[in-house]
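Each chain is listed here by its residues.
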Amino acid sequence: MPELPEVETTRRGIAPHLQGHQVREVIVRQRQLRWPIPRNLNALLRGQTIEQIDRRGKYLLLGMDTGTLILHLGMSGSLRILPATTPVQKHDHLDIVLDNGQCLRLRDPRRFGAVLWTRKDPARHKLLQSLGPEPLSDEFDGDYLWQRSRGRKLAIKSFVMDSKIVTGVGNIYANEALFIAGIHPQRAAGRISRERYQQLAVAIKQVLEAAIREGGTTLRDFTASDGKPGYFRLKLHVYERDQEPCHQCGKALRQIVIAQRSTYYCQHCQR
DNA sequence: ATGCGGACCTGTTAGC
DNA sequence: TGCTAACAGGTCCGCA
C-alpha cells in the first residue's frame, strides 16, 4: 500500500493526535511481522510521552522520552486513530492506547510491516543507517543521481527504487516519474546524461509533492488515518494503465516486468 | 561492489 | 460455482 506520499499523509494525520500525549498501554495481538514486535513493548512504552512524529523514507518515527518507536507499513499496513474501545478487526495487530482514551491502531494483513524500538539516534539504527537522501530534500538533485549512477548497469527504474540511492521512491512513483522525464524504465542507469538526470530529479520531486497534496494514491485500500482515500490515482499517467492511451501521444501504453515489479511506460514518449 | 532472485504473508481477482 | 494461479503499494538477505 504505502509509498512515501501515503506514509507522509499518514504522518500528518496521526501527528496532532499523538503529540504530547502519554502512552497508557500497548496491546500486541500479533507480534510476527517482518521482524517480531519486541516482547516487552508495553513495559518499554508505558508512561512515556510522544514528543514528535517524524518520517525518514517510508519509516515513521515516534520520538519518546527514552527512545524512538520505528514503524514501517510494508505493503499493506495502515494506521488509524480511534477510540480504544473500537472493536478489533482481523489483522489489527497493535494498539498504542493514549492517556485520553484514543489509540493508534496498526492493521497489516500481509504483515510485511515492522514495529521496532531503539534507544539510540534512530538515524544510526541498522535499518535506517544506509538510506539515501530524502527525495524532497535539497541534497537530492540531478547531479547527485548522475554521480551515483556512473558505471551502473542496472535498469534506471531499479536504480531509483534502491533505498540506498534515494529513499521512498516505490513502484508507483518510479513509473510515473520516468514517464514525466521521458526516460525508458529499462535504460541502464549509467547511460543517462546529466541533463536527463536533472529532469528525472525534478520529476520525482514533482510527482511526490503532487501526490502528498492529493492525500496519496488509493489503488485498492489505502486510506488516511481518518479513513479517507487519496485522490492521486486520478492523476496517474501510466501506473496500472496497460493498453490505455498515453496522455501525451495517445498510443497504447505497455506493461513489462523489471526486477519482478510491474512496469508501465510509453514506448513512444520514453527513450 | 554489483545485480539478481527468493523470502516473508494474506487477500483479491482472473482464468479455466 | 469452485478451484488454482497470478498478482499486489516493500525491502532485506544471500548468492553468484
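Since we're looking at a predicted model, the values are computed, not measured.

Once that is clear, we can look at the sheet that holds strand β2 (residues 52–56). In any sheet, the strands associate via hydrogen bonds between backbone groups, in a parallel or an antiparallel arrangement. Spatial strand order, β2-β3-β4-β8: four strands in an open sheet with antiparallel pairing. Among the strands making up the open sheet, the edge pair consists of β2 and β8 (114–118). Shown here is a sheet whose adjacent strand axes are inclined to one another by a mean of 20°, direction ignored. Both β2 and strand β3 (residues 59–63) contribute to a ladder of five bridges, which runs antiparallel.

What follows concerns the packing of helix α5 (residues 171–181) against helix α6 (residues 194–213). Axis separation between α5 and α6 bottoms out at 8 Å; the angle between their running directions is 130°. In terms of orientation, α5 and α6 fall into the oblique class. The element α5 and its partner α6 pack so that their crossing is right-handed. Across the interface between the two elements, Tyr173, Glu176, Ala177, Leu178, Ile180 and Ala181 from α5 touch Gln199, Leu200, Ala203, Ile204, Gln206, Val207, Leu208 and Ala211 from α6. For the contact of α5 with α6, the per-class residue count stands at eleven nonpolar, two polar and one charged.

The next point concerns the pairing of strand β4 (residues 68–72). Most of β4 sits inside the fold, with five of its five residues counted as buried. Burial along β4 is two-sided: Thr68, Ile70 and His72 facing one way and Leu69 and Leu71 facing the other are all buried. Pairing geometry for β3 and β4, over five bridges, is antiparallel. Across the sheet, Leu62 pairs through a bridge with Leu69, a residue of β4. The hairpin turn running from β3 into β4, its antiparallel successor, is four residues long. Pairing between β4 and β8: five bridges, direction antiparallel. The residue of β8 that forms the bridge with Leu71 is Val115.

Running from N to C, helix α1 (residues 4–18) and α6 point in directions that differ by 40°, and their axes come no closer than 9 Å. On the basis of their axis angle, the class for α1 and α6 is oblique. As α1 runs across α6, the sense of the crossing is right-handed. Across from Leu4, Pro5, Glu8, Thr9 and Arg12 in α1, the residues of α6 making contact are Leu208, Ala211 and Ile212. Partitioning the contact of α1 with α6 into residue classes produces five nonpolar, one polar and two charged.

About the criteria used
Residues numbered from 1 in each chain as written. Chains lettered and ligands numbered in written order. Predicted model: local features only at pLDDT ≥ 70, side-chain atom pairs only at ≥ 80, totals over all residues. Heavy atoms only, no water. Pairing = 2+ DSSP bridges. Helix = DSSP H or I, 4+ residues; strand = E, 2+ residues; numbered from the N terminus. Axes fitted to C-alpha atoms, helices over the stretch in contact; angles between N-to-C directions. Parallel < 35°, antiparallel > 145°, perpendicular 65-115°, else oblique. Left-handed = near helix turned anticlockwise from the far one by under 90°. Contact = heavy atoms within 4.5 Å. Nonpolar A, V, L, I, M, F, W, Y, C, P; charged D, E, K, R; others polar. Buried < 20%, exposed > 50% of the residue type's maximum accessible area, 1.4 Å probe, protein only.

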